[in-house]
Amino acid sequence: MFKNKKTTLILVALVIIIVAVAGIWMLTGNKDKDDASTSDTSGGEKVSEQGGTKSLEQTFYIYNTVVNIKVFGDHAEQKNMDDIQAMLERMDIEFSRTKENGEIYAVNQAAGKEAVTVSDETLDIVKLSIKYAEEMDGLFDPTIGPLVDLWDIGNGGKQVPPQANIEHAKSLINYKDIIVDEAAKTVMLAKEGMVLDMGGIGKGYAADRIADYLKEQGLDSAMINLGGSSIIALGNKPNGSPWNIGLQDPDQRRGTQLGTIKISDEVIDASGVYERYFMQDNVRYHHILDPRTGFPSQNGLKSITIMSPNATDADALSTGVFLMGLEEGMAYLEALPEDVEAFFITDDNKIYATSGIRERLQLTDPTYSFAE
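All values derive from a computational prediction rather than experimental measurement. (Residues numbered from 1 in each chain as written. Predicted model: local features only at pLDDT ≥ 70, side-chain atom pairs only at ≥ 80, totals over all residues. Heavy atoms only, no water.)

A. Representation of the overall build of the chain. The helix and strand inventory of the chain stands at 9 helices and 19 strands. Across the 372 residues in the chain, those meeting the buried criterion constitute 53%. In the chain, 59% of the contacts between residues at least 6 apart in sequence involve partners at least 24 apart. For the chain, the exposed surface amounts to about 17,200 Å²; the carbon and sulfur share of it is 50%. (Helix = DSSP H or I, 4+ residues; strand = E, 2+ residues; numbered from the N terminus. Buried < 20%, exposed > 50% of the residue type's maximum accessible area, 1.4 Å probe, protein only. Contact = heavy atoms within 4.5 Å. Areas by Shrake-Rupley, 256 points an atom, 1.4 Å probe, with all protein chains shown as cover.)

As structure tokens, this is what we get:
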């Protein structure tokens, strides 16, 4: 009986990976004819027919999602993919609040008791998360963990928790109670029961580290896709043209697009109500939790897509700005000194775009239209 159950679980996991890979292909790949044809070699490498440019592509299942990396360049080699896989696996453990051998897990276990020595990477991502929290007045808050654990959306949570439990979880959320000692390389949470959660910037941070590594290796043409929600287009395609990216339809399954946009050396990061949620009394309760209310945000937005030079910035902004709502979020982004663009999709299928992105969006689904 247990053997059959194990076999069934393996088959289900394989189906999930195959479906997710298909979704990533629909969202990021091969929409232009000059991308089309590649041939496999014995080492798993693929050589493009476009000028004979060598490409190397690999898919990993990590960060609880499908990660697809495609690198172009005649000196790209399997070692590059092996190095990237090792980086992803290391960060996945270090930054996880649930993996018992991880550093963030250790910090959470020691909450209210003692400081924990961490690696340079973990220290860096914690410091960045505090910076984003300060800049967005706590709408992005890395101590959101007690609420995440309470609602457990996407991991079995199927009903609204009792209000008393929500209030208790809210009382443990305050980024100002994170104590960082840079000299000693330690992190401590001031109150017992606090929980750090790097889910709001973990994928973006990992994508930036992969991009940095590829640039150091002299590889400046690549597509880095962490589950379709964090995408880095490094440089241009081998023929010099921009990458053509499909934009997720928030009302459809992963891989169904509402339009496209061409990007070069840019990041796209999306957050929306469509990925992880449950329905109760005809209300959609999704995974974007508001630390002010303790509930999933209900502000008339379906999704927000951020475009930025930096994936970590884009990841944090996609959460914090979503919670701001349309008007405040739009004003916040337009006032940023950095070159950040975005578009919001509201419940009535209208698209609101910042000034520098509207002309670049090509809508293909008539269900959606630009707001006047």
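Still to come is the rest of the account.
B. Main features of the packing of helix 7 (residues 202–216) against helix 8 (residues 311–324). It is the contact of helix 7 with helix 8, at a shortest axis distance of 7 Å, that shows an interaxial angle of 170 degrees. It follows from the interaxial angle that helix 7 and helix 8 lie roughly antiparallel. Within the contact between the two elements, helix 7 uses Gly202, Lys203, Gly204, Tyr205, Ala207 and Asp208 and helix 8 uses Ala311, Thr312 and Asp315. Across the contact of helix 7 with helix 8, the residue classes break down as 3 nonpolar, 3 polar and 3 charged. (Axes fitted to C-alpha atoms, helices over the stretch in contact; angles between N-to-C directions. Parallel < 35°, antiparallel > 145°, perpendicular 65-115°, else oblique. Nonpolar A, V, L, I, M, F, W, Y, C, P; charged D, E, K, R; others polar.)

C. Quick peek at the packing of aromatic side chains. On inspection of all chains with the given rule, the structure shows 7 aromatic pairs. On the numbers, 6.0 Å between centres and 80 degrees between planes, the contact of Tyr132 with Phe140 is edge-to-face. Note on Tyr132: relative accessible area 4%, which makes it buried. On the basis of relative accessibility, which here comes to 6%, the residue Phe140 falls in the buried class. Clustering of aromatic rings is evident, with ring pairs tying together Trp151, Phe278, Tyr285 and Phe295. The ring of Tyr205 carries the charged tip of Arg209 above its face, separated from the ring centre by 4.5 Å. (Phe/Tyr/Trp six-rings, centres within 6.5 Å; stacked < 30°, edge-to-face > 60°. Lys NZ or Arg CZ within 6 Å of the ring centre and 35° of its normal.)

D. Seen up close, the environment of Lys203. The topology assignment puts Lys203 in helix 7. The spacing of Lys203 and Leu88 is 115 residues in sequence and 9.5 Å in space, taken between C-alpha atoms. One polar contact links Lys203 to Ser229, side chain to side chain, over a distance of 3.5 Å. (Polar contact = N/O pair within 3.5 Å; in protein donor to acceptor, adjacent residues only side chain to side chain.)

E. Highlighting the sheet that holds strand 5 (residues 116–117). In space, the 3 strands of this open sheet follow the order 5-7-6, with antiparallel pairing throughout. The open sheet has two edge strands with one neighbour each: strand 5 and strand 6 (178–181). Relative to strand 7 (residues 186–189), strand 6 is paired through 4 bridges, and the arrangement is antiparallel. What sits directly across from Ile179, in strand 7, is Met188. (Pairing = 2+ DSSP bridges.)

F. Focus on the pattern of salt bridges. Scanning the entire structure with this criterion turns up 14 salt bridges. In this structure, the salt-bridge partner of Lys99 is Asp92, at a minimum N-O distance of 3.6 Å. A relative accessible area of 29% means that Lys99 is categorised as partly exposed. Note on Asp92: relative accessible area 14%, which makes it buried. The salt bridge partner of Glu167 is Lys170, with a shortest N-O separation of 3.6 Å. With a gap of 3 residues between them, Glu167 and Lys170 both fall in helix 6 (residues 163–171), about one helical turn apart. Look at the salt bridges and you will find they share partners, linking Arg97, Asp149 and Asp197 into a network. (Salt bridge = Lys/Arg side-chain N within 4 Å of Asp/Glu carboxyl O.)

G. Expanded view of the sheet that holds strand 10 (residues 243–248). The 3 strands lie next to each other as 10-11-18, forming an open sheet whose pairing is antiparallel. Because the sheet does not close on itself, it has two edges, and the strands there are strand 10 and strand 18 (362–363).

H. The arrangement of the pairing of strand 14 (residues 283–286) in detail. Across 4 bridges, strand 13 (residues 277–280) lies against strand 14 in antiparallel orientation. Its bridge partner lying in strand 14, Phe278 is registered against Tyr285. Counting the residues between successive antiparallel strands, the hairpin from strand 13 to strand 14 contains 2 residues, one of them, Asp281, with a positive phi of roughly 55 degrees.

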